[in-house]
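# Observations on chain architecture
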Amino acid sequence: MYRGGVSSGNNTGTPFDFSKGMGSRLYRRFNKRRNIMQKYQCGICGYVYDPAVGDPDGGIAPGTAFEDIPDSWVCPICGATKDSFSPVNE
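These remarks concern the structure in this document. This is a predicted model, so every value here is computed, not measured.

## A few points about the sheet that holds strand S3 (residues 40-42)
Reading across from one edge, S4-S3-S5 is the order of the 3 strands in this open sheet, with antiparallel pairing throughout. Whereas interior strands pair on both sides, the edge strands pair on one side only; in this sheet they are strand S4 (48-49) and strand S5 (85-87). Taken together, the 3 bridges between S3 and S5 define a ladder with antiparallel strand orientation. Within S5, the residue paired with Gln41 across the bridge is Ser86.

Dropping the structure here:
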């Protein structure tokens, strides 16, 4: 979880939790941008879903985050379901 800055009005120096309260909108926007380029790999065949490319043959437009793909989507190579995919650490 991203924690940064110091909350206003808090003189203790406790880090402000951006996932809640006033900073939640910024936190969500930051994570959406970060996650939109997150690649996912199929654990069955090794196919890598790249959000920058999408899956045009499967009806997924370029720029679509993996989290936004419908649960009915399957791997275009082996037919595995979304839960067979895991994030790629680059």
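Past the structure itself, the notes keep going.
## Considerations on the side chain of Asp55
Inspection of the secondary structure puts Asp55 in the loop between S4 and S5. Engagement of the side chain of Asp55 in a polar contact is seen with the side chain of Trp73, the distance being 2.9 Å. If we skip the residues at most four places from it in the chain, Asp55 touches Tyr49, Ile60, Trp73 and Pro76.

## Quick notes on the nonpolar core
Counting residues in each nonpolar core, the largest one holds 11 residues, listed as Tyr40, Cys42, Tyr47, Tyr49, Ile60, Phe66, Ile69, Trp73, Cys75, Ala80 and Phe85. When sequence neighbours within four positions are dropped, the list of residues in contact with Tyr47 reads Tyr40, Gln41, Cys42, Gly54, Trp73, Cys75, Pro76, Ile77 and Phe85.

## Comments concerning the pattern of salt bridges
Applying the stated criterion across every chain yields a total of 2 salt bridges. For the salt bridge of Lys39 with Asp50, the shortest nitrogen-to-oxygen distance reads 3.9 Å. Residue Lys39 is found in the loop between helix H1 (24-36) and S3, and its partner Asp50 is found in the loop between S4 and S5; the two are separated by 11 residues along the sequence. With a relative accessible area of 24%, Lys39 lands in the partly exposed category. Where Lys82 meets Asp71, a salt bridge forms, and the shortest distance between an N and an O atom there is 3.8 Å. Placement of the pair is Lys82 in the loop between S4 and S5 and Asp71 in the loop between S4 and S5, with a sequence separation of 11 residues. According to the relative accessible area criterion, Asp71 is exposed, its value standing at 67%.

Criteria and cut-off values
- Residues numbered from 1 in each chain as written.
- Predicted model: local features only at pLDDT ≥ 70, side-chain atom pairs only at ≥ 80, totals over all residues.
- Heavy atoms only, no water.
- Pairing = 2+ DSSP bridges.
- Helix = DSSP H or I, 4+ residues; strand = E, 2+ residues; numbered from the N terminus.
- Polar contact = N/O pair within 3.5 Å; in protein donor to acceptor, adjacent residues only side chain to side chain.
- Contact = heavy atoms within 4.5 Å.
- Core = buried A, V, L, I, M, F, W, Y, C linked by side-chain atoms within 4.5 Å.
- Buried < 20%, exposed > 50% of the residue type's maximum accessible area, 1.4 Å probe, protein only.
- Salt bridge = Lys/Arg side-chain N within 4 Å of Asp/Glu carboxyl O.

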